[in-house]
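Structure at a glance
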Amino acid sequence: KPEYIEAENIIKVFGLYIIVISFNVLSNQYLTALKMEKKIAMSLIFSSLITLILFFIFIPKFSGMGAAISVLIGHSICALLQFFIMIKNIIKLND
């Protein structure tokens, strides 16, 4: 139906989100096993604040697509932060 056309594009954005969250789960499990919950919490707080700011910027302009993009960017930042912490730890262990 034509009224669902906008939802089609939003679902495509969340398709990318699935890839991002997969990397996040991997690094999150690694950091949890090493008792690095504080670093996990800090990355979550930081990325949540970014997501909230992006909501205020994108939702008024782009509605549902703005929300989807904001979530994708916020979670991508969280995944990258946790992934870099994990890689840094792996390199440190190999030295």
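Because the structure is a prediction, the values reported are computed rather than measured. (Residues numbered from 1 in each chain as written. Predicted model: local features only at pLDDT ≥ 70, side-chain atom pairs only at ≥ 80, totals over all residues. Heavy atoms only, no water.)

Together, Leu16, Ile19, Phe23 and Leu26 give the surface a local cluster of nonpolar side chains, amounting to about 400 Å² of exposed area. As for its placement among the helices and strands, leucine 16 is situated in helix α1 (residues 5-33). Among the residues examined, leucine 16 registers a relative accessible area of 48% and is labelled partly exposed. (Patch = residues over 30% accessible without salt bridge, like charges linked within 9 Å, V, L, I, M, F, W, Y side chains within 5 Å. Areas by Shrake-Rupley, 256 points an atom, 1.4 Å probe, with all protein chains shown as cover. Salt bridge = Lys/Arg side-chain N within 4 Å of Asp/Glu carboxyl O. Helix = DSSP H or I, 4+ residues; strand = E, 2+ residues; numbered from the N terminus. Buried < 20%, exposed > 50% of the residue type's maximum accessible area, 1.4 Å probe, protein only.)

All right, on to the packing of aromatic side chains then. Following the criterion strictly, the structure yields 3 aromatic pairs and no others. Centroid distance phenylalanine 58 to phenylalanine 62: 6.1 Å. Interplanar angle 45°. Geometry classified as tilted. Note that phenylalanine 58 and phenylalanine 62 are positioned in helix α2 (residues 37-94) at a spacing of 4 residues, about one turn of the helix. Of the residues examined, phenylalanine 58 reaches a relative accessible area of 21% and is grouped as partly exposed. Looking at phenylalanine 62, the relative accessible area reads 45%, which means it is partly exposed. (Phe/Tyr/Trp six-rings, centres within 6.5 Å; stacked < 30°, edge-to-face > 60°.)

The subject of this paragraph is unusual backbone geometry. Here the phi dihedral of lysine 35 falls at roughly 60°; this positive angle occurs in a residue that is not glycine. The residue serine 63 is not glycine, and still its phi comes out positive at about 60°. Here serine 63 lies in helix α2. A relative accessible area of 42% means that serine 63 is categorised as partly exposed.

With that out of the way, let us pick up the pattern of salt bridges. Considering all chains together, one arrives at 1 salt bridge under this definition. Note that glutamate 8 is salt-bridged to lysine 12, the shortest N-O span being 3.6 Å. Residue glutamate 8 and its partner lysine 12 are located together in helix α1, separated by 4 residues, close to a single helical turn. Judged by relative accessible area, lysine 12 falls into the exposed class, the value being 51%.

With respect to the helices and strands, the residue threonine 51 is situated in helix α2. In this structure threonine 51 comes out as buried when scored by relative accessible area, which is 9%. Excluding residues that lie within four positions of it along the chain, threonine 51 makes contacts with Ser70, Val71 and Gly74. (Contact = heavy atoms within 4.5 Å.)

From the geometry alone we can't say anything about function, so treat these as descriptive.
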